[in-house]
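What follows is the residue order along each chain.
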Amino acid sequence: MRGFPSVLRFLRGGVPALVLLSGGCTDVPRESAPASAPESAEPSAGVRVTGKAPPALGGHSAVVMLEPLDGSAPGALEGTKYMDQLGSTFHPKVLVVGAGAVVEFINSEDVFHNVRAVDGESGETEFNVASPPFVSYPHTFAEPGVFDLGCDIHPAMAAFIVVSSTPFAVVADEDGFFALADVPPGSYKLTVWHLEAEQRSEREVQIGGDGGEVRLDLSP
């Protein structure tokens, strides 16, 4: 654990307030965009995949994932993600991260919490740590899976972390709408995670190779 300055409060969705404030500075150098793309650059052959999954339940949105069936390893989602505790609520309520990625758990209020993460499949506790005010705790989720988050001090607090082995993974909005960009053509295992087990599904889908947009209807 390490101290976390109170000025770095994280807003809903895990966006640092400091980043929003920095946008008003006029003396920050900005890198100019090139006048044109290099001649060797090729347009993306990926497909935009959109659709509608089952709507959110209790504020917990569905997660849509596409995993290549040909055994290719396109990598996973990269970068540190953030899970905040504010207003005795986890923000966001559903977070998607890549296998091997770090999640920074933050307490942005003057209330003592803890964070308990339980593997949704095995029922084993991944970790259970104290979360004092304005302190953060980093944790690496090494393997794909779904983890239930809770606070033993405030039992009403609940969130979920979905760890994906593919970069083609996204949290749908509350109505179930989702979009995945630059998906290479091919055969995929489509997985829909939802808080309600009856709404979860897996099936094979084919993504066409002519670019443009492919729409999938995942409603029950």
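Residues numbered from 1 in each chain as written. Predicted model: local features only at pLDDT ≥ 70, side-chain atom pairs only at ≥ 80, totals over all residues. Heavy atoms only, no water.

K.L.:
Would you explain the layout of surface pockets in this entry?
P.N.:
In this approach a probe as big as a water molecule rolls over the atoms, and the regions it shows empty are the leftover space. Within this model, the largest pocket holds a volume of roughly 540 Å³. As for the largest pocket, its lining consists of 23 residues, and the residues nearest its centre are Met-65, Gly-145, Val-146, Thr-191 and Trp-193. Only strand 3 (63-68), strand 11 (145-150), strand 12 (158-164), strand 15 (186-193) and strand 16 (201-207) provide two or more residues apiece to the lining of the largest pocket. Residue classes in the lining of the largest pocket are distributed as nine nonpolar, seven polar and seven charged. (1 Å grid on protein atoms, 1.4 Å probe; cavity = no way out; pocket = protein on both sides within 12 Å on 5 of 7 lines; lining within 4 Å. Points joined across faces, edges and corners; volume = space filled by probe spheres on them. Helix = DSSP H or I, 4+ residues; strand = E, 2+ residues; numbered from the N terminus. Nonpolar A, V, L, I, M, F, W, Y, C, P; charged D, E, K, R; others polar.)

K.L.:
Honestly, the sheet that holds strand 13 (residues 169-171) in this entry has me stumped. Any pointers?
P.N.:
Within a sheet, each strand pairs with its neighbour through backbone hydrogen bonds, oriented either parallel or antiparallel. Read across the sheet, four strands follow the order 13-3-15-16 without closing on themselves; strand pairing throughout is antiparallel. Looking at strand neighbours, the two that pair on one side only are strand 13 and strand 16, the edges of this open sheet. Strand-to-strand twist across the sheet, computed as the mean angle between neighbouring axes with direction ignored, equals 20°. One ladder, built from six bridges, connects strand 3 with strand 15; its direction is antiparallel. Across the sheet, the residue bridging to Val-63 is Trp-193, located in strand 15. (Pairing = 2+ DSSP bridges. Axes fitted to C-alpha atoms, helices over the stretch in contact; angles between N-to-C directions.)

K.L.:
Honestly, the sheet that holds strand 2 (residues 47-52) in this entry has me stumped. Any pointers?
P.N.:
One open sheet holds the three strands; their spatial order is 14-2-17, and the pairing between them is mixed. If you trace the sheet from one side to the other, it starts and ends with strand 14 (177-183) and strand 17 (213-217), each paired once. For this sheet the average axis-to-axis angle between neighbouring strands, irrespective of direction, equals 20°. The pairing of strand 2 with strand 17 spans five bridges and is classified as parallel.

K.L.:
Just checking my understanding: could you explain the pattern of salt bridges for this structure?
P.N.:
Side chains that differ in sign of charge can pair as their charged atoms come close. Under the definition given, this model contains three salt bridges. Across the salt bridge formed by Arg-116 and Asp-152, the nearest N and O atoms sit 2.7 Å from each other. Here Arg-116 is found in strand 8 (residues 113-119), whereas its partner Asp-152 is found in the loop between strand 11 and strand 12, with 36 residues between them in sequence. Its relative accessible area of 25% is what places Arg-116 among the partly exposed residues. We classify Asp-152 as partly exposed; its relative accessible area is 43%. (Salt bridge = Lys/Arg side-chain N within 4 Å of Asp/Glu carboxyl O. Buried < 20%, exposed > 50% of the residue type's maximum accessible area, 1.4 Å probe, protein only.)

K.L.:
Which parts of the structure should I look at to understand the packing of aromatic side chains?
P.N.:
For any pair of aromatic rings, the description rests on two quantities: the centre-to-centre distance and the angle between the ring planes. Counted under the stated rule, the structure contains eight aromatic pairs. Taken together, a centroid distance of 5.3 Å and an interplanar angle of 65° make the contact between Phe-105 and Phe-127 edge-to-face. Highlighted residues: Phe-105 in strand 7 (residues 101-107) and Phe-127 in strand 9 (residues 125-131), separated in sequence by 22 residues. For the pair Phe-105 and Phe-127, a shared accessibility class is recorded, and that class is buried. Considering the side-chain rings of Phe-168 and Tyr-188, the 6.2 Å spacing of their centres and the 85° angle between planes classify their relative orientation as edge-to-face. Placement of the pair is Phe-168 in the loop between strand 12 and strand 13 and Tyr-188 in strand 15, with a sequence separation of 20 residues. Overall, Phe-168 belongs to the buried group, its relative accessible area being 9%. (Phe/Tyr/Trp six-rings, centres within 6.5 Å; stacked < 30°, edge-to-face > 60°.)

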